[in-house]
Number of protein chains: 4
Amino acid sequence: MNSFGQKLKFSTFGESHGTALGCILDGVPAGLKIDEEYIQSELDRRKPGKSEFETARKEADKVEILSGVFEGLSTGTPIAMVIYNTNQKSKDYSNIKDVFRPGHADFTYFHKYGIRDYRGGGRSSARETAARVAAGAIAKLMLNSLNISVHSGISAVGEVASESYDYESAKNSIIYSLDPHAESAQKEIILKAKNEHDSVGGVARVLIKGAPVGLGQPLYYKLDGVLADAMMGINAVKAVEIGDGVLSASALGSQNNDEIRSDGFESNHAGGILGGISNGEDIVMNVYFKPTPSIFKEQHTINTRNEELDFALKGRHDPCVAIRGTVVCESMAALVIADMLLLNMGSNMDGLQRYYK
Amino acid sequence: MNSFGQKLKFSTFGESHGTALGCILDGVPAGLKIDEEYIQSELDRRKPGKSEFETARKEADKVEILSGVFEGLSTGTPIAMVIYNTNQKSKDYSNIKDVFRPGHADFTYFHKYGIRDYRGGGRSSARETAARVAAGAIAKLMLNSLNISVHSGISAVGEVASESYDYESAKNSIIYSLDPHAESAQKEIILKAKNEHDSVGGVARVLIKGAPVGLGQPLYYKLDGVLADAMMGINAVKAVEIGDGVLSASALGSQNNDEIRSDGFESNHAGGILGGISNGEDIVMNVYFKPTPSIFKEQHTINTRNEELDFALKGRHDPCVAIRGTVVCESMAALVIADMLLLNMGSNMDGLQRYYK
Amino acid sequence: MNSFGQKLKFSTFGESHGTALGCILDGVPAGLKIDEEYIQSELDRRKPGKSEFETARKEADKVEILSGVFEGLSTGTPIAMVIYNTNQKSKDYSNIKDVFRPGHADFTYFHKYGIRDYRGGGRSSARETAARVAAGAIAKLMLNSLNISVHSGISAVGEVASESYDYESAKNSIIYSLDPHAESAQKEIILKAKNEHDSVGGVARVLIKGAPVGLGQPLYYKLDGVLADAMMGINAVKAVEIGDGVLSASALGSQNNDEIRSDGFESNHAGGILGGISNGEDIVMNVYFKPTPSIFKEQHTINTRNEELDFALKGRHDPCVAIRGTVVCESMAALVIADMLLLNMGSNMDGLQRYYK
Amino acid sequence: MNSFGQKLKFSTFGESHGTALGCILDGVPAGLKIDEEYIQSELDRRKPGKSEFETARKEADKVEILSGVFEGLSTGTPIAMVIYNTNQKSKDYSNIKDVFRPGHADFTYFHKYGIRDYRGGGRSSARETAARVAAGAIAKLMLNSLNISVHSGISAVGEVASESYDYESAKNSIIYSLDPHAESAQKEIILKAKNEHDSVGGVARVLIKGAPVGLGQPLYYKLDGVLADAMMGINAVKAVEIGDGVLSASALGSQNNDEIRSDGFESNHAGGILGGISNGEDIVMNVYFKPTPSIFKEQHTINTRNEELDFALKGRHDPCVAIRGTVVCESMAALVIADMLLLNMGSNMDGLQRYYK
């Protein structure tokens, strides 16, 4: 239950303040050039402590490959990657040892397992997503070799939405904003929340370009279903939409259908997916992140003895978890697409016979 | 890839206009009273042709149990159920044999598989969801025995949203509307779309009551992630939100966190799920359906030879697929919760030792 | 847990004396010609009542395809097949309702599930293997299109071993004997056991010809491991060996290694598998069946109230379950190889890039 | 495909001469006391270089736990364990860079993946089994808490079979021999083979005591089927038998059936498994290992350019891989039983309702 994917499968391990975290990525085809610098650069995009818009916890997030690569190439065997935790201030957490922080998984983990690694949320911490980014980087290397690319950026912070989607600009924005015109207002909202010991929600937008027609295994491993699982499973995500998403529910069929021409679809309300299968158009998603539950205002809560108390959190936290979350969305999307590419092989006898002739 | 669930797993088969459709439901604990009338009553809620708000295709949707039940009780072996198709007018579809209907899966199935059962969309037809409802009915029987219940209704049709959520009222509404005050306006929109040879989108809302704390297997079989997959995988769904969902992305942490008291949570912005695990509160979701792609207006499209044409569909279709979709959402939700109940057993040594002592 | 396979997956349902049994075969590539007569002919090879060497129960074992085939070709969607039970004499079993037959699964099913369909063993009956043969027939059609073939026969009945392996001769032998010289002695043993109200064990041998190098997904979906699971899971099987099997454990390395020449291996002690991956040679297995536990001699046993009794079974049973078991071995082997062919696609980047270019 | 188990699942990584090997063990119930010394002691039983009967390669096989354990207890999250390779003499292997060693996986890996980590066999090396032993040790801790124990020993080396099975004695034997009277003859055979630059096969016997009735998930995750897969998947294993195994195929039903009395079975030909489900008796298996393919005699082979050559291996190898293999069998058996214990929960409504009441 700590694994994701069918043919390209990754399994992660590790807690926020344990020895290390990491993953095993299984199913990478042999012969892929494994560019370690690229993997590290992807981790650097996600790593904390890069600016005032993020948590002050500094982690090098240095990734080491333990297996599966020989002379620079994947060998078809599992690629294990490990990231040692370095900047753990476990003492920060001694005051929450018996307290359930509102909006956190403390309460549910404690009741499910009867035991809880309270240091930084343990396994439920978003710190685990570093492992997803490491795995996602290798998925991207696979995709790149087939001219498929995955992009992302912030399309809203609080109530300030991006009105244009410039993925190149997002790459250079410290908050990965898709809209240079909205960026400063978005930054302002984050800092305001931070200064008020509060946090704010946001929306990540993901774009996949170049995916061929045919990805997705209906009816219960559909491309949109699996993407929804992948995105909803990221810490703090509360909604996912494909293409027009929520808006399509108030549209008419004549507005929402994408008409077809011999050179492709005339519009892309569908977000690149029909019947759970990619249609060759851009795949587009929006991923809605709630505000970081870790705030420094006093809140009502209880402890493990069911005693009520008023509690104000201390520590270091992201004021807007959506920012670094964009990189995680991108990684998960890349892993899903790479898995679907492998699964799609053998969908018809033509492909099978060509492969084995 | 036509199976869903881990410990309670169902696998479906069947096409819109094939001989039969059905499912195998595997993992039902032995000793559950299988109430066949109840299963049929659930299918009756979903079956087409009940009113002017639905497709005119009439199907008895009579379910037969082929295995797994002995003397009225489940035996722990797979329960196979079959529904024979009776009212197939395959001729209706001869004119779309080579045409890709806009908004449909025709295009993607054809390119993925190289062959397409064009009669009524074949496998991609929402007709398959009858099998989900049959399986879901048995899941509900399991849940009922543990005092867990699943409810649903329409919270919006087009732009007319329900302002209250009365699940009892929805049960008696022909369009499953959650808000008696909005119902007639919602009906009007549907009929207007229908009369204009068009269709309209809608939103289903799902409520799960009585689920214990602890359901969900983090980090990659989270309750919210799996629900998102289950809902997004339903035909025509384009967005899923848990709890406040989209709205939480524009909220502050201090607004969005659910504070805790000794007798429970003070609010339920989270929709009953924290860290991918149920927290004992009501589980709440909204599921956004696009308008039925099958409309009778002329649209641009192409055929399998990539020739452009203007095409107006004929046949019998739901003007608002969300209506009957609510029942499917409910069924899928029940299946997910039942699966999670089984998976959660053995989460800690206490439970394991109690079970085997 | 009633499913087998990863990419080509089948799920079976049905009990010995229920309404019907059958399966869903998922993952068949689209465009495969589905020869229904061939499928039926495979079922006919397994069906009971063909001779005095088999149970007297007569079943037509007529298979119907419910889905997944359109105009004679597979569509890539699940192929459901159903076989209705016709010759059920459930009354035969009323006397065993509360009795645990020695050597049978009665005892274990009752204790695991708390309820037992006692009619003919219910789910634990070898009757379920008809569904495997139906699925296996389609797998064979896939294999045939790639020039891979699966063969089987009886290599021993009781202590009479076949000394040569003539698979063509086995096809024409009423007991599927691989050795025309041993056949009459083997028949004699079966009839002797039968006449003495007893039963006798036997060994099936399976040969797979034409499998390409590279099948098998190490380290935990190895070709030999999965074949071992597939064979051991057949009713009454108690041992499985690959290639020289048991004998290799008493050999020296210099005897057991297969030396290699530019045109292939000089011997085949390995049975065509090295490191869990096919090496291009013939794949060879022996599958050991215990004697049918259903005998008509009086035996000590207990009933569900833990009362001791002496019990002599009545009814209709195979005196040597290995005979018809050979067909099941063959079917399971075909399903495993077909699954491995699909899984092997995408093992390296070359194959991936060729597929998607 | 590098994972094993359903509810208790482990995934391994690592090559013989890579940086490290290890595993993630997922699904361990929270609250299990993780005795690190015990885990290390299990690894010490398997580690190489302990005597003249084993390879001279010395590895500390020091295991480190990276996650999933907090204050000495499992937390319900994945337990990652890593073992760094220390005594790699990769240069030993430069001469086999382009050569396919007879009896090895070199040939099949090269053809499947198109690339091969030739150092010590890379992923196909039995060195990977250290990870299984680490995971198995934790499974044993789980089993011990339920009074289930797993034992093993050598029941034959070459043609010298053990005539008695003394598992306590095996624990103290340097070659894990089950029969103190056969031990010296068994040792002699090993040394003779070694001195002649050859190797010899052997048989491991596994005994599981205390397993409750009801383990095994028929029909396609049967206890015997999964054990067969688990054992056959161990390096060099070519045959697996449950209970009387091969012998039962030449027996009569009246000999082979285990009659039942109110206090249990009168015999145990079945080896503790009926219908794929444990029956409460001892579970007994024999696992047949071929002789180590690594021998120092000259053999015919080819290289990657398909050129023939005569080749004599150099390096350090076990003369009888079955010896250390016994520990691996034991570990895999423990993992299977622990998985089955978890899967069996929820087999019937009684258990479900007791759990959730």
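Going by the structure above, here's the rest.
Residues numbered from 1 in each chain as written. Chains lettered and ligands numbered in written order. Predicted model: local features only at pLDDT ≥ 70, side-chain atom pairs only at ≥ 80, totals over all residues. Heavy atoms only, no water.

Comments concerning the overall build of chain A
This is how the line gets drawn: Think of it this way: any DSSP run of H or I at least four residues long counts as a helix, any run of E at least two long counts as a strand, and we number them from the N terminus. Using C-alpha atoms as the atom set, the radius of gyration is obtained and then compared with a globule rule of 2.2 Å times the number of residues to the power 0.38. With a 1.4 Å probe rolled over the protein chains alone, any residue whose accessible area is under 20% of its type maximum counts as buried; one over 50% counts as exposed, and the rest are partly exposed. Here, residues are in contact when the closest pair of their heavy atoms is within 4.5 Å. The protein chains shown are the only cover counted for residues, whose accessible areas, like all others here, come from Shrake-Rupley with a 1.4 Å probe. His is not counted, nor are the chain ends; Lys and Arg add positive charge and Asp and Glu add negative charge. Charge positions are represented by NZ for Lys, CZ for Arg, CG for Asp and CD for Glu.
Across its full length, chain A holds nine helices and 18 strands. Its C-alpha atoms give chain A a radius of gyration of 21 Å, within 12% of the compact-globule value 21 Å for 357 residues. Based on the C-alpha atoms only, the size of chain A along its principal axes is roughly 65 × 50 × 35 Å. Buried positions account for 69% of the 357 residues belonging to chain A. For chain A, restricting intrachain contacts to residue pairs at least 6 apart in sequence, the fraction spanning at least 24 positions comes to 70%. By element, 48% of the accessible surface of chain A is carried by carbon and sulfur atoms, the whole surface being about 10,800 Å². Charged side chains of chain A number 38 positive and 45 negative; the gap between the two group centres comes to 6 Å.

Notes on the interface of chain A and chain B
Many structure descriptions define interface size as the accessible area lost when the parts assemble. Going by this rule: Reported buried area values correspond to the accessible surface (1.4 Å probe) lost by two parts on association, with both partners' losses combined. The salt bridge criterion pairs a side-chain nitrogen of Lys or Arg with a carboxyl oxygen of Asp or Glu, the two atoms within 4 Å. By the criterion applied in these results, polar contacts are pairs of N or O atoms within 3.5 Å in which, for protein atoms, one can donate a hydrogen and the other can accept it, and in which residues neighboring in sequence qualify only through two side-chain atoms. Ten residue types, Ala, Val, Leu, Ile, Met, Phe, Trp, Tyr, Cys and Pro, are classed as nonpolar, four, Asp, Glu, Lys and Arg, as charged, and the remainder, Gly among them, as polar. Paired strands are those between which DSSP finds at least two bridges.
Taken residue by residue, the interface counts 98 residues in chain A and 98 residues in chain B. Overall, the association of chain A and chain B removes approximately 7,900 Å² of surface from exposure, summing both partners, and the carbon and sulfur fraction of that is 57%. It is A:Met1, A:Lys112 and A:Tyr220 that lose the most area in chain A upon contact with chain B, and together they represent 12% of the buried surface on that side. Counting the contacts that link chain A with chain B gives two salt bridges. As a salt-bridge pair, B:Glu308 and A:Arg261 come within 2.9 Å of each other at their nearest N and O atoms. For the interface between chain A and chain B, the tally reads 59 residue pairs in polar contact (both at pLDDT 80 or more). Its residues assigned to classes, the side of chain A that touches chain B shows 43 nonpolar, 37 polar and 18 charged. Both strand 11 (residues 237–242) of chain A and strand 11 (residues 237–242) of chain B contribute to a ladder of three bridges, which runs antiparallel. Note that in strand 11 of chain B the partner of A:Glu241 across the bridge is B:Ala239.

Some words on the relation of the copies chain B and chain C
Condition: Copy-to-copy superposition: least squares on the C-alpha atoms, limited to residues that have pLDDT of at least 70 in both copies.
By a simple turn and slide, chain B fits onto chain C: the slide is 0.0 Å along the axis, the RMSD is 0.0 Å, and the turn is 180°. The operation mapping one copy onto its partner corresponds to a two-fold rotation axis. Residue by residue, 100% of the interface of chain B is reproduced at the interface of chain C, so both copies engage with the same surface.

Some thoughts on the relation of the copies chain A and chain B
What relates the pair of chain copies is a rotation about an axis plus a shift along that axis. The two copies are related by a screw motion: chain A maps onto chain B through a turn of 180° and a shift of 0.0 Å along the axis, at an RMSD of 0.0 Å. When the interface residues of chain A are mapped onto chain B, 100% of them are again interface residues, pointing to one common binding face.

Considering helix 5 (residues 180–195) of chain B
All names here are of chain B. Filter applied, for reference: In this scheme, a helix's expected span is set at 1.5 Å multiplied by one less than its residue total. Directions from the helix axis toward the C-beta atoms define the arc.
Over its 16 residues, helix 5 extends 23 Å from the first C-alpha to the last, a length consistent with the 22 Å expected when each residue adds 1.5 Å. Taken as a whole, helix 5 has its buried residues at Ala 182, Glu 183, Gln 186, Ile 190 and Ala 193. In a view along the axis of helix 5, the buried residues occupy a sector of 115°, so they form one face of it. Across from the buried face of helix 5, at angles greater than 90 degrees, the exposed residues are His 181, Glu 188, Lys 192 and Asn 195. For helix 5, the N-terminal cap is Asp 179; the gap from its side-chain oxygen to the backbone nitrogen of His 181 is 2.8 Å. Within two residues after helix 5, His 197 carries a phi angle of roughly 60°, on the positive side.

As for the pairing of strand 7 (residues 79–84) of chain C
Residues and elements named next belong to chain C. In terms of burial, strand 7 is largely enclosed, as five of its six residues are buried. In this structure, strand 3 (residues 20–26) lies alongside strand 7, joined through six bridges in antiparallel fashion. Looking across to strand 7, one finds that Gly 22 is bridged to Val 82. Relative to strand 7, strand 4 (residues 63–65) is paired through three bridges, and the arrangement is antiparallel. Paired with Glu 64 across the bridge in strand 7 is Val 82.

Considerations on the sheet that holds strand 11 (residues 237–242) of chain C
The criterion, for reference: Geometry is summarised by axes, namely lines fitted to C-alpha atoms with helices restricted to the contacting stretch, and by angles between N-to-C directions that run from 0 to 180 degrees.
Pairing in this open sheet of 10 strands is antiparallel, and the strands run 9(C)-8(C)-10(C)-16(C)-11(C)-11(D)-16(D)-10(D)-8(D)-9(D) from one edge to the other. Because the sheet does not close on itself, it has two edges, and the strands there are strand 9 (160–161) of chain C together with strand 9 (160–161) of chain D. As paired strands, strand 8 (residues 149–157) of chain D and strand 10 (residues 202–209) of chain D are joined by eight bridges and run antiparallel to one another. From the neighbouring strand, D:Val150 faces strand 10 of chain D, where its bridge partner is D:Ile208. Seen against the sheet, helix 6 (residues 223–232) of chain C touches strand 11 and strand 16 (283–289) of chain C together with strand 11 (237–242) of chain D and runs at an angle of roughly 155° to strand 11 of chain C.

Overview of the nonpolar core
Soluble globular proteins: nonpolar side chains tend toward being buried together. To keep it simple, the criterion reads: Within this scheme, the nonpolar core is defined by two criteria: the residues are buried Ala, Val, Leu, Ile, Met, Phe, Trp, Tyr or Cys, and they are joined through side-chain atoms within 4.5 Å.
With 367 residues, the main nonpolar core has B:Met231 and D:Met231 as its most contacted residues. D:Met231 has contacts with D:Val237, D:Val240, D:Met285, D:Val287, D:Cys329, D:Met332 and D:Ala333, leaving out every residue within four places of it along the chain.

Some points on the state of the cysteines
For the record, the criterion: Throughout, a disulfide means two cysteine sulfur atoms within 2.5 Å of one another.
Here the structure, examined in full by the defined rule, presents zero disulfides over all chains. Not engaged in a disulfide, the cysteine A:Cys23 finds its nearest cysteine sulfur in D:Cys23; these two sulfurs lie 15 Å apart. Exposure remark for A:Cys23: the relative accessible area of 1% places this residue in the buried category. Distance from the sulfur of C:Cys320, which forms no disulfide, to the nearest cysteine sulfur (C:Cys329) is 12 Å. Residue class for C:Cys320 comes out buried when judged on its relative accessible area of 1%.

Digging into the pattern of salt bridges
One side chain can pair with another of opposite charge once the charged atoms of both are near each other. Under the defined criterion, the tally for this structure stands at 96 salt bridges over all chains. Here C:Arg101 makes a salt bridge to C:Asp106, at a shortest N to O gap of 2.8 Å. Looking at C:Arg101, the relative accessible area reads 4%, which means it is buried. Residue classification places C:Asp106 among the buried residues on the basis of a relative accessible area of 1%. Several salt bridges converge on common partners, so that one network encompasses A:Arg46, A:Arg57, A:Glu59, A:Asp61 and A:Arg127.

Here's the deal with empty space enclosed by the protein
This is how the line gets drawn: Think of a 1 Å grid over the protein atoms and nothing else: a 1.4 Å probe that fits but is trapped marks a cavity, an open set flanked by protein within 12 Å on at least five of seven lines marks a pocket, and residues with an atom within 4 Å of a point count as lining. Grid points are joined across faces, edges and corners, and a volume is the space filled by probe spheres set on the points.
Empty space within the largest cavity amounts to approximately 1,500 Å³. If you trace the largest cavity, you find 47 residues lining it, with A:Gln6, B:Gln6, C:Gln6, C:Lys9 and D:Gln6 closest to the centre. For the lining of the largest cavity, the elements supplying multiple residues, two or more each, are strand 1 (3–4) and helix 6 (223–232) of chain A, strand 1 (3–4) and helix 6 (223–232) of chain B, strand 1 (3–4) and helix 6 of chain C together with strand 1 (3–4) and helix 6 (223–232) of chain D. Of the residues belonging to the lining of the largest cavity, the class tally is 22 nonpolar, 13 polar and 12 charged.

With respect to the sheet that holds strand 4 of chain C
Residue and element names in this part refer to chain C. If you walk across this open sheet you meet the five strands as 1-2-3-7-4, and the pairing is antiparallel. Taken across any chain shown, the strands that pair with only one partner, and hence form the sheet edges, are strand 1 and strand 4. Note that strand 2 (residues 9–14) and strand 3 share six bridges and pair antiparallel. Of the residues in strand 3, the one forming a bridge with Lys 9 is Asp 26.

Looking at the interface of chain B and chain C
Taken residue by residue, the interface counts 36 residues in chain B and 36 residues in chain C. A buried area of about 2,900 Å², summed over both sides, lies between chain B and chain C, and 62% of it is on carbon and sulfur atoms. A per-residue breakdown of the area chain B buries against chain C is headed by B:Leu66, B:Phe70 and B:Ile115, which together make up 22% of the total. Those elements that place two or more of their residues in the side of chain B that touches chain C are strand 2 (9–14), strand 3 (20–26), strand 6 (73–74) and strand 7 (79–84) of chain B. For the side of chain B that touches chain C, a count of residues per class yields 16 nonpolar, 12 polar and eight charged.

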